[in-house]
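Each chain, written out:
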Amino acid sequence: MPRKQTKVIVTRKLPAPVEKRMAELFDVELNSSDVAMTTDQLADAASRCDVLVPTVTDKIDGRVLARAGDNLRLIAQFGAGVDNIDVQSAVSRGITVTNTPGVLTEDTADMTLALMLAVPRRLVDGVKAIEDGRFSGWTPTWMLGRRIHGKRLGIIGMGRIGQAVARRARAFGLQVHYHNRKPVLPQIAEKLEATYWESLDQMLSRMDIVSVNCPHTPATYHLLNSRRLKLMKRDAYLVNTSRGEVIDETALVRAIEAGDIAGAGLDVYEREPEMHPRLRELPNVVLLPHMGSATLESRIDMGEKVIINIKTFVDGHRPPDRVLPAML
Ligand code: 8YV
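Given the structure is predicted, the values throughout are model-derived calculations rather than measurements. (Residues numbered from 1 in each chain as written. Predicted model: local features only at pLDDT ≥ 70, side-chain atom pairs only at ≥ 80, totals over all residues. Heavy atoms only, no water.)

Caption draft 1: Up close: the nonpolar core. Counting residues in each nonpolar core, the largest one holds 30 residues, and the members touching the most others are Ile-156, Leu-224, Leu-229, Met-232, Leu-238 and Leu-252. Looking at this core, the elements that each hand over two or more residues are helix H9 (200-204), strand E9 (209-212), helix H11 (249-257) and strand E11 (263-266). Among the elements that take part in this core, H11 stands out by supplying five residues, more than any other. With residues up to four places along the chain from it excluded, the contact list for Leu-229 reads Leu-224, Leu-238, Asp-248, Ala-251, Leu-252, Ala-255 and Ile-261. Counting residues in hydrophobic clusters, the runner-up holds 28 residues, among them Leu-153, Met-158, Ala-164 and Ala-166. (Core = buried A, V, L, I, M, F, W, Y, C linked by side-chain atoms within 4.5 Å. Buried < 20%, exposed > 50% of the residue type's maximum accessible area, 1.4 Å probe, protein only. Helix = DSSP H or I, 4+ residues; strand = E, 2+ residues; numbered from the N terminus. Contact = heavy atoms within 4.5 Å.)

Caption draft 2: Seen up close, the packing of helix H1 (residues 16-25) against helix H12 (residues 296-314). At a minimum axis distance of 9 Å, the contact between H1 and H12 shows a crossing angle of 15°. Here H1 is positioned roughly parallel relative to H12, judged by the angle of their axes. Crossing angle aside, the handedness with which H1 passes H12 is right-handed. Here Pro-17, Val-18, Arg-21, Met-22 and Leu-25 of H1 lie close against H12, whose contacting residues are Arg-299, Ile-300, Gly-303, Val-306, Ile-307, Ile-310 and Lys-311. Counted by class, the contact of H1 with H12 contains eight nonpolar, one polar and three charged residues. (Axes fitted to C-alpha atoms, helices over the stretch in contact; angles between N-to-C directions. Parallel < 35°, antiparallel > 145°, perpendicular 65-115°, else oblique. Left-handed = near helix turned anticlockwise from the far one by under 90°. Nonpolar A, V, L, I, M, F, W, Y, C, P; charged D, E, K, R; others polar.)

Caption draft 3: Representation of the domain arrangement of the protein chain. In terms of domain boundaries, the protein chain breaks down into domain 1 (3-103 + 295-327) and domain 2 (105-287). Each of domain 1 and domain 2 was reduced to a C-alpha centroid, and the two centroids are 31 Å apart. The interface of domain 1 with domain 2 comprises nine residues on the first partner and seven residues on the second. When the two sides are added together, the surface that domain 1 and domain 2 hide from each other amounts to roughly 620 Å², 37% of it contributed by carbon and sulfur. It is Val-56, Asp-83 and Gly-102 in domain 1 that bury the most area against domain 2; as a group they hold 54% of the surface buried on that side. Viewed at the interface, domain 2 and domain 1 are joined by one salt bridge. Ionic pairing is found between Arg-243 and Asp-83, a salt bridge with its closest N-O pair at 3.1 Å. (Domains from an automatic or database assignment. Buried area = accessible area lost by both parts, 1.4 Å probe. Salt bridge = Lys/Arg side-chain N within 4 Å of Asp/Glu carboxyl O.)

Caption draft 4: Focus on unusual backbone geometry. Following Glu-272, the chain continues into Pro-273 via a peptide bond in cis, with omega recorded as 0°. If you check the backbone angles, Asp-34 has positive phi at about 65° while not being a glycine. Here Asp-34 lies in the loop between strand E2 (27-29) and helix H2 (39-48). A relative accessible area of 28% means that Asp-34 is categorised as partly exposed. Look at Glu-193: it is not a glycine, yet its phi comes out positive at around 45°. Among the residues examined, Glu-193 registers a relative accessible area of 51% and is labelled exposed.

Caption draft 5: Representation of H12 within the structure. The end-to-end C-alpha distance of H12 is 27 Å, a good match for the 27 Å that 19 residues give at a rise of 1.5 Å each. Taken residue by residue, H12 has Ser-298, Ile-300, Met-302, Gly-303, Val-306, Ile-307, Asn-309, Ile-310, Thr-312 and Val-314 as its buried positions. In this structure, the buried side of H12 is in contact with strand E1 (7-10), H1, strand E3 (51-53), strand E4 (74-76), strand E5 (96-98) and helix H5 (105-118). Downstream of H12 by one or two residues, Gly-316 has phi in the positive range, about 90°. (Expected span 1.5 Å × (residues − 1).)

And the structure:
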């Protein structure tokens, strides 16, 4: 099919240069209101387009896919994570799924480090003290946090983002440990001086900071449950810039309230934009609104990846960022 006749529906507002390029290339329907679509609206979109461009806020499940038209051939996710899409159902209906890996790695790793510093060093407490006019001068014992340098970092999920976190962590003098489905290549492990733990339980009990950098899949849902949170050291911190579902949020709130762990830095939640109501009341947490990849550069690069995936597909080739159920 000629590109210009390819009907592309984009579910959310994308950066202006991305929308402009899409409009030049395809018969595109944009969402200038940026209001997230309902299930009915998504199903309607899926029934009318050749290519659907969803984001993390759109649940493309069996119900939506069942109502898709025969014309829907490609779901080109704007995002690295695809846990909002029932990839298995899509692929079994002959629909190709793509994502945008690689281009948001460095920004997400930066935000992970920002949280790893912010929680133990009480960055937000300090900002609030200034805002509230509570800074009455330096004292030897005020605003004491915990040192980062020399501590042990345990990374759960040593993919692109996990490795980017490890590179940064080395510069901060952290010792890198990781748990992954399998060890990384020896040359990568050597460069990062990273220690592999086959047993997540054993790693958790020895780390000072734990960072979640694995995708949300059925295998990682509630990977950090109440039992595992209890394995962590009482003075350890937990950081999550991946997906909320990897941590049992209620168990996390209880663990922090009970003093089982020292605090947490979270960018993602189990039921976004909702979060456990007591999370906001805890003093030793830093909470961000899912902004790990929120730079203009990342979002434009993600848009460009979406465009390349669509163009390649429409031209009859295999798109570069195809996602297969076996990869999840
Ligand atoms: C994206 C993310 O911006 O790419 C991901 O997986 O978590 C985010 O940073 C979001 O998913 C857009 O769909």
